[in-house]
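# Chain and residue survey
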Amino acid sequence: MLQLNYIRENKDEVLKRLAIKNFKDAETIITAVLAKDAERRNIQKDSDNLKAEANQIAKQIGELMKAGKKDEAEQAKAKTGDMKAKEKQFDEQLKKLEDEMHALLVQVPNTPSFKVPNGKTPEDNEVVFEHGAKPTLHAKAVPHWDLTTKYDLIDFELGVKIAGAGFPVYKGKGARLQRALINYFLDKGIAQGYQEVQPPIVVNEESGYGTGQLPDKEGQMYHVGIDNLYLIPTAEVPVTNIYRDVILKESDFPVKNCGYTPCFRREAGSYGKDVRGLNRLHQFDKVEIVQIVHPEKSYDTLEEMREYVAGLLKELELPFRTLKLCGGDMSFGSALTYDMEVWSAAQQRWLEVSSVSNFETFQTNRLKCRFKDANGKTQLAHSLNGSALALPRIVAALLENNQTENGIKIPKVLVPYCGFDMIS
RNA sequence: GGAGAAAUGGCAGAGCGGUCUAAUGCGGCAGUCUUGAAAACUGUUGACUGUUAAAGGUCCGGGGGUUCGAAUCCCUCUUUCUCCGCCA
């Protein structure tokens, strides 16, 4: 959520930046917010004055009672008259205005960094880095959904029987490969200075709101109605919410956490080749990295995180490219996002396996995650996160790219984790 | 799931209707002393809002109520602890 103060003082800049994100109603909403804000501040002033007066009288009555001057106390009581009713009226007006302002503000996406390229669709994203040659496959090469069946690694139909489409059952070496990847990603994260955490995989409303999934993406999450909990769509939600209502010390920076969790996404409305095989699932595994940093450092941190994820892909020997997302393709809360895509050789397409974003103060403002700066002033920290990495599409690319006539080769770094070097 | 108790500042803990702008201790920070450190002593030490700065306003788990006045009384929700039951 954007900071009200910032909007108040930089209206034109906010509008200019929101335009990069192609946010249509910017002018209308921002103007409405500022109008309500001005009104609220006026009423607040009147309300505060009234309360000050009432406090004064109450104090006097206290002193009179103590001195045993009952009559004078009664006279003072009479002075309070309709103050109480007025106070109540002010409170109601203020609450109404605040609610209305809030309802408007949560609709406004984050202002993108000026580094964000203009554009509306994924085609407008900017390729900033490309690594590795696309492999040439043998003549009988097939997509991963055929390989998983051929080698009995993943049973999609069995998952349909147990839960539904999009909930695969990993078996044998397929399951072991999953476990290997999770351990590999976590070990790398720890080596990079991240603290490993195992958070809850359901969250309450407040947490969903804190990182921006609510109210914006209500329909994308599985909801446990009876307890009013949401299955997490990413570890970002519980891990970032660790810092909700926390005031950090400057010496705590950088706060680095990583965690493995299953992730659940309803993905309503998806269809076709995008959801074939492992391309898009309702439940999948992911290791997430999250950092809370000093505002001046957040863009350096973003680059560091991008490099880190790129390093993982290099070690896995997967051809990949890095995209800087354009205004129209960025997520709601992000100020700058890099997507990492691996080349899936049998499908002949790029698959997104990581998204690394700087949220600046967008999340921390909702979370009230702050720190005391050198001058002793509290200010909002910056939050960032990235997938490092999401498993299914990595598995898809590994299987497809490394298939030979004799089986599927496991990349060197994973062999110690898998306990085998070939799936055959 | 049943019965009982509790929730106060970074922590411990007092306050149970009227200077509470919340005692006291610990911790943190600054100073004195010291070559330096420790100890001791002195001072300081929350968040939000508001203002050029102040004044003022709000906050004692959340929400609501009683009252001229609520940390303190009432209702409600949540959480924690103790005992019982069930259980990986």
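An account of the accompanying structure is given in this report. Bear in mind that the values here come from a model prediction, so they are computed numbers and not experimental data. (Residues numbered from 1 in each chain as written. Chains lettered and ligands numbered in written order. Predicted model: local features only at pLDDT ≥ 70, side-chain atom pairs only at ≥ 80, totals over all residues. Heavy atoms only, no water.)

### Focus: the overall build of chain A
A count of helices and strands for chain A gives 14 helices and 19 strands. Viewed in the frame of its principal axes, chain A has a C-alpha envelope of about 100 × 45 × 40 Å. Within the span of chain A, comprising 424 residues, buried residues form 49% of the whole. Long-range pairs, those at least 24 residues apart, make up 74% of the contacts in chain A between residues at least 6 apart in sequence. Accessible surface computed for chain A: about 20700 Å², of which carbon and sulfur atoms make up 49%. Taking the average location of the 57 positive side-chain charges in chain A and that of its 60 negative ones, the two points are 1 Å from each other. (Helix = DSSP H or I, 4+ residues; strand = E, 2+ residues; numbered from the N terminus. Buried < 20%, exposed > 50% of the residue type's maximum accessible area, 1.4 Å probe, protein only. Contact = heavy atoms within 4.5 Å. Areas by Shrake-Rupley, 256 points an atom, 1.4 Å probe, with all protein chains shown as cover. Lys, Arg positive; Asp, Glu negative; His and termini not counted. Charge placed at Lys NZ, Arg CZ, Asp CG, Glu CD.)

### Here we look at the sheet that holds strand S5 (residues 202–203)
Strand order in the open sheet made by the three strands is S5-S7-S6, with antiparallel pairing throughout. Of all the strands in the sheet, just S5 and strand S6 (223–224) have a single pairing partner and so form its edges. Of the pairings in the sheet, the one linking S5 to strand S7 (residues 229–231) comprises two bridges and is antiparallel in character. Following the sheet pairing, Val-203 is matched in S7 by Tyr-230. (Pairing = 2+ DSSP bridges.)

### Some words on helix H11 (residues 298–315)
With 18 residues, H11 ought to run about 26 Å at 1.5 Å a step, and its terminal C-alpha atoms sit 26 Å apart, in line with that. Here H11 has its buried residues at Ser-298, Tyr-299, Thr-301, Leu-302, Met-305, Arg-306, Tyr-308, Val-309, Ala-310, Leu-312 and Leu-313. (Expected span 1.5 Å × (residues − 1).)

### Here's the deal with the pairing of strand S9 (residues 255–264)
Burial runs high along S9: nine of the 10 residues are buried. As paired elements, strand S4 (residues 195–196) and S9 share two bridges and run parallel to each other. For Glu-196, the partnering residue across the bridge sits in S9 and is Cys-258.

### Let's talk about the pattern of salt bridges
For the structure shown, the criterion picks out 17 salt bridges. A salt bridge links Lys-36 to Glu-100, with the nearest nitrogen and oxygen atoms 3.0 Å apart. Here Glu-100 lies in helix H5 (residues 83–105) and Lys-36 lies in helix H3 (residues 26–66), a separation of 64 residues in the sequence. Overall, Glu-100 belongs to the partly exposed group, its relative accessible area being 26%. A salt bridge links Glu-315 to Lys-188; the shortest N-O distance between them is 2.9 Å. Within this pair, whereas Glu-315 is found in helix H11, its partner Lys-188 is found in helix H8 (residues 172–191), the two being separated by 127 residues in sequence. Linked by salt bridges that have partners in common, Arg-8, Asp-37, Arg-40 and Glu-98 make up one network. (Salt bridge = Lys/Arg side-chain N within 4 Å of Asp/Glu carboxyl O.)

### Concerning the nonpolar core
Grouped together as the largest cluster of nonpolar side chains are 63 residues, with contacts concentrated most on Leu-181, Leu-313 and Ile-394. Sort the elements by how many residues they give to this core and H11 lands first, with eight residues. When near neighbours in sequence (up to four residues on either side) are disregarded, Ile-394 contacts Leu-181, Leu-313, Leu-316, Leu-318, Val-342, Val-353 and Leu-389. Membership of the second largest hydrophobic core comes to 19 residues, among which are Leu-2, Ile-29, Ile-30 and Leu-105. (Core = buried A, V, L, I, M, F, W, Y, C linked by side-chain atoms within 4.5 Å.)

### Some words on unusual backbone geometry
The residue after Leu-214, namely Pro-215, is reached through a cis peptide bond having omega 0°. Mapped onto the fold, Pro-215 is located in the loop between helix H9 (205–210) and S6. In this structure, the amide linkage connecting Phe-253 to the following residue, Pro-254, adopts the cis form with an omega of -10°. Even without being a glycine, Asn-22 presents a positive backbone phi close to 55°. Looking at Asn-22, the relative accessible area reads 32%, which means it is partly exposed. Phi at Lys-368 is positive, roughly 60°, even though this residue is not glycine.

### Overview of H3
Its 41 residues give H3 an end-to-end C-alpha distance of 58 Å, which sits within 8% of 60 Å, the value for a rise of 1.5 Å per residue. Of the residues flanking the end of H3, it is Gly-68, one or two places downstream, whose phi is positive at about 80°.

### Overview of the sheet that holds strand S11 (residues 320–324)
Judged by pairing direction, the sheet is mixed, and its eight strands sit side by side in the order S1-S11-S12-S13-S16-S10-S9-S4 without closing on themselves. The two strands at the open ends of the sheet, each matched to only one other strand, are strand S1 (126–131) and S4. Here H11 sits on the sheet and contacts S1, S9, strand S10 (283–293), S11, strand S12 (336–344), strand S13 (349–358) and strand S16 (382–390); the angle it forms with S16, its principal contact strand, is near 5°. Helix H13 (residues 391–401) contacts S10, S12, S13 and S16 of the sheet and is inclined by roughly 30° relative to S12. (Axes fitted to C-alpha atoms, helices over the stretch in contact; angles between N-to-C directions.)

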